[in-house]
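What follows is the residue order along each chain.
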Number of protein chains: 2
Amino acid sequence: MSEYEGDLRSSSMELKHDREWSYEIDRIRDKIDEHNADRVGLQFPQGLKRKSTGVAEDLKQRTEDVTFLISGQPCYGACDIDTDLFRFTDLLVHFGHSPMQESPKIVYVPVFSNVDVEPIMRKSLDELDSTEPVCLVTTAQHMNKFDEMKEILSQNEYNVQTRRGSERLTNEGQVLGCNYASADVEADQVLYVGGGEFHPMGLAMSHPEKKVVIADPVNNNVKIADPEKFVKQRYAVIHNAMDAESFGVIYCTKIGQGRIEKAEDIVRSNENAFLITLDEVTPERLQQFDVDAYVNTGCPRITTDDAGRFSDPMLTPEEYEIVMGEKDMDQLSFDTFHGTWSP
Amino acid sequence: MSEYEGDLRSSSMELKHDREWSYEIDRIRDKIDEHNADRVGLQFPQGLKRKSTGVAEDLKQRTEDVTFLISGQPCYGACDIDTDLFRFTDLLVHFGHSPMQESPKIVYVPVFSNVDVEPIMRKSLDELDSTEPVCLVTTAQHMNKFDEMKEILSQNEYNVQTRRGSERLTNEGQVLGCNYASADVEADQVLYVGGGEFHPMGLAMSHPEKKVVIADPVNNNVKIADPEKFVKQRYAVIHNAMDAESFGVIYCTKIGQGRIEKAEDIVRSNENAFLITLDEVTPERLQQFDVDAYVNTGCPRITTDDAGRFSDPMLTPEEYEIVMGEKDMDQLSFDTFHGTWSP
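Per chain, the residues get numbers from 1 upward, laid out in the order the sequence is written. Here every chain gets a letter starting at A, and every ligand a number starting at 1, in the order they are written. Residue-level local features of this predicted model are given only where pLDDT is at least 70; pairs of side-chain atoms are given and counted only at 80 or more, and the full residue set underlies all totals for whole chains, interfaces and linings.

Some points on the interface of chain B and chain A
Taken together, the contacts link 33 residues of chain B with 33 residues of chain A. Strand pairing is assigned whenever DSSP identifies at least 2 bridges connecting the two strands. Under the scheme used here, helices are H or I runs from DSSP no shorter than 4 residues and strands are E runs no shorter than 2 residues, and both carry numbers assigned from the N terminus. Note that strand β13 (residues 273–278) of chain A and strand β4 (residues 67–71) of chain B share 3 bridges and pair parallel. In the strand pairing of β4(B), A:Thr277 is matched with B:Ser71. Here contacts are defined at the residue level, using C-beta atoms placed from the backbone and a cut-off of 7 Å between them.

Quick look at the relation of the copies chain B and chain A
Only residues with pLDDT of at least 70 in both copies count here: their C-alpha atoms drive the least-squares fit that superposes the copies. With an RMSD of 0.0 Å, the fit of chain B onto chain A corresponds to turning through 180 degrees and sliding 0.0 Å along the axis. Here the transformation between the copies is reduced to the relation of a two-fold axis. It is B:Asp84 whose C-alpha, among those of chain B, lies nearest the rotation axis, at 4.8 Å. A share of 100% of the interface residues of chain B reappears at the interface of chain A, consistent with the copies meeting face to face through the same patch.

A look at the domain arrangement of chain A
Domain delimitation in this document rests on an assignment produced automatically or drawn from a domain database. Along its sequence, chain A is carved into domain 1 (2–109), domain 2 (118–224) and domain 3 (228–331). Residues are grouped as follows: Ala, Val, Leu, Ile, Met, Phe, Trp, Tyr, Cys and Pro are nonpolar; Asp, Glu, Lys and Arg are charged; every other residue, Gly included, is polar. Its residues assigned to classes, the side of domain 1 of chain A that touches domain 2 of chain A comprises 2 nonpolar, 4 polar and 2 charged.

Remarks on the sheet that holds β13(A)
In spatial order, the strands read β15(A)-β14(A)-β12(A)-β13(A)-β4(B)-β3(B)-β5(B)-β6(B); together these 8 strands make up an open sheet with parallel pairing. Of all the strands in the sheet, the pair left with one neighbour each is β15 (314–315) of chain A together with β6 (106–109) of chain B. Note: strand β5 (residues 91–95) of chain B against β6(B), 4 bridges, orientation parallel. Considered in β6(B), the bridge of B:Leu92 is made with B:Ile106.

Things to note about helix α7 (residues 198–206) of chain A
In terms of residue burial, α7(A) counts as a mostly covered element, since 8 of its 9 residues are buried. Among the residues making up α7(A), those that are buried are A:His199, A:Pro200, A:Met201, A:Gly202, A:Leu203, A:Ala204, A:Met205 and A:Ser206. Exposed residues have 12 or fewer other C-beta atoms within 10 Å of their own C-beta, buried residues have 20 or more, and partly exposed residues fall in between, where C-beta atoms are placed from the backbone.

Quick word on the nonpolar core
Each nonpolar core comprises buried Ala, Val, Leu, Ile, Met, Phe, Trp, Tyr and Cys residues, the members being joined through C-beta atoms within 7 Å. Formed by 188 residues in total, the largest nonpolar core has its most connected members in A:Val249 and B:Val249. For B:Val249, the residues in contact, after removing those within four places along its chain, are B:Ala263, B:Ile266, B:Val267, B:Ala273, B:Phe274, B:Leu275, B:Ile276, B:Val295 and B:Thr297.

Looking at the sheet that holds strand β4 (residues 67–71) of chain A
Reading across from one edge, β6(A)-β5(A)-β3(A)-β4(A)-β13(B)-β12(B)-β14(B)-β15(B) is the order of the 8 strands in this open sheet, with parallel pairing throughout. At either end of the open sheet lies a strand with only one pairing partner, and these are β6 (106–109) of chain A together with β15 (314–315) of chain B. Only the stretch in contact is used when fitting a helix axis, every axis being a line fitted to C-alpha atoms; angles between N-to-C directions are given from 0 to 180 degrees. Contacting β3 (39–43) and β4 of chain A together with β13 (273–278) of chain B, helix α3 (residues 52–61) of chain A runs over the sheet at an angle of about 165 degrees to β4(A).

With respect to the pairing of strand β7 (residues 134–138) of chain A
All names here are of chain A. For β7, a buried count of 5 out of 5 residues is recorded, marking the element as mostly surrounded by other parts of the structure. Burial of the side chains of β7 extends over both faces: Val 134, Leu 136 and Thr 138 are buried on one face and Cys 135 and Val 137 on the other. Here β7 pairs with strand β8 (residues 160–161) via 2 bridges, running parallel. Across the sheet, the residue bridging to Val 134 is Val 160, located in β8. The definition of a right-handed crossover adopted here requires that, viewed with the strands pointing away, the path from the first strand over the helix to the second runs clockwise. Read as a crossover between parallel neighbours, the route from β7 over helix α6 (residues 146–155) to β8 is right-handed. Note: β7 against strand β9 (residues 189–193), 5 bridges, orientation parallel. The residue bridging Val 134 from the neighbouring strand is Gln 189, located in β9.

Listed below in structure tokens is the structure:
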């Protein structure tokens, strides 16, 4: 991980929960020099945008005659490169996510958490069976501590199974909201180290045969994932869509969120299905259209996490097949996303 | 105007206020054939999006093996081409606005109102001085009746002055929310035929020396524009921005709404100004940033019409100069937009 280890001295800023982040100002400055860049784009995920002007200020102080342009577009992942800003600048710095696909014009600054993972690792051992293998996974922001997590498990005599599950994932043991292939190992128990409710829920849904232990190092609590409520929610959405006569099939134009083949397959086979293209998929945008239900071929998390915000049922492509009678309800699985994009 | 006159028989649909629109289905089908297009994009302004699936259905019935993709992006003008959809399709049909710039790959379908303008023209004569020249202007959706409007004024012995004010405007006598150059004539009175409050307000602000008569053919009422309330609102925003220590300078990435030189000039001359790039400029997106005030170099209507929705003051580039003491308050004029874009 040394490639992404930042210089905490020059640029770390305190956030809530005592997390500190490194913006790797010096590495960025070197890349700007290397590219002789005049216009540099800075893209931050939503949670770090408040820090963007401070980072731009730090960079301005260390460079000359460079214009920094901060992306104001919402950004939810490494799949979500601001392509307008990319085209308009000599170099784009993408903060907060690990590379989904390398490009000579993009500098990825993953912005690792420096929260101590040891306490939560010790706490999680109570929920794990030490006589059985355990799969270890985490999110991009804790990847810098992955070796340490593994080491703690090994020291406690665990047989730790890890893998880099897909080309969409940068690292061994990494999971994304849309991809849990790093847990495709033999072990029947998975330790997920990270925050949020949605990642471990996707993990549990993608691997229903495994016990998923959630170790949240920021809020310092350990839980077992229970996807039952989630599954019931999906059944309800599918049920509501059964009466739909017309469908809006969403194709997302964000660089790493498009599945055009899936979208075109559906509209070709159903004369009451209409292809709708969007970058941000929001309830306000969709309420403009006169259709009864939606099928989202873009980011799976929008379909599931935001289900309650949409006034019409929104289905995954597989759920659409269930609605159309092409699949049985009990074949329902979690919608995941594979591959990256053409360079 | 014959080029844009549609075939009302095949595709007209009733909307409220007895307006009917033609979507020129047959002309679009001919263009699809001509381009041998496999993927065709359909882009509608917000008010017509509900009709988009109906239009796609009509087009599907008249074509074979063509995939229609409907833009789900908000669209507010001919300046607002969905460039993602443009790049992804063989032909883009842009409904509801007249061409700001022609492109072989774009079919513009202006979607004219067929409301009768004669009653409102007769009513507006009460507010006009027949011994003085009168300037006549209207919006894209009533351009199909422009010759008739002119004719009614001439029959009543008026000296009618019209011009095509700017390359940004498609037609003689046309105004846009961001461009009122078609009223740059000698006449001291202007007759504006059209709906809405914002167009005539911009017109009155851009030409404070003229009397602006608003003739709304849809709601059938005639008013005199009074920009005083509007001017007071702008003074209040400028006043609120006087304490700002940091500025977010917005560069809009929409194809016809970008003024990068203005934006870069500001950030070069003020070390506390930061360039932020966006397509949709919304309060939700801007509230992520830690700055005290904004300068919007994108669509002027966002600055003025949506002023109350933004929690921080939003200035036009000229208002920013007033805040910085580079211009006097009484030099305040309405922000307008000229030119189009590089093909």
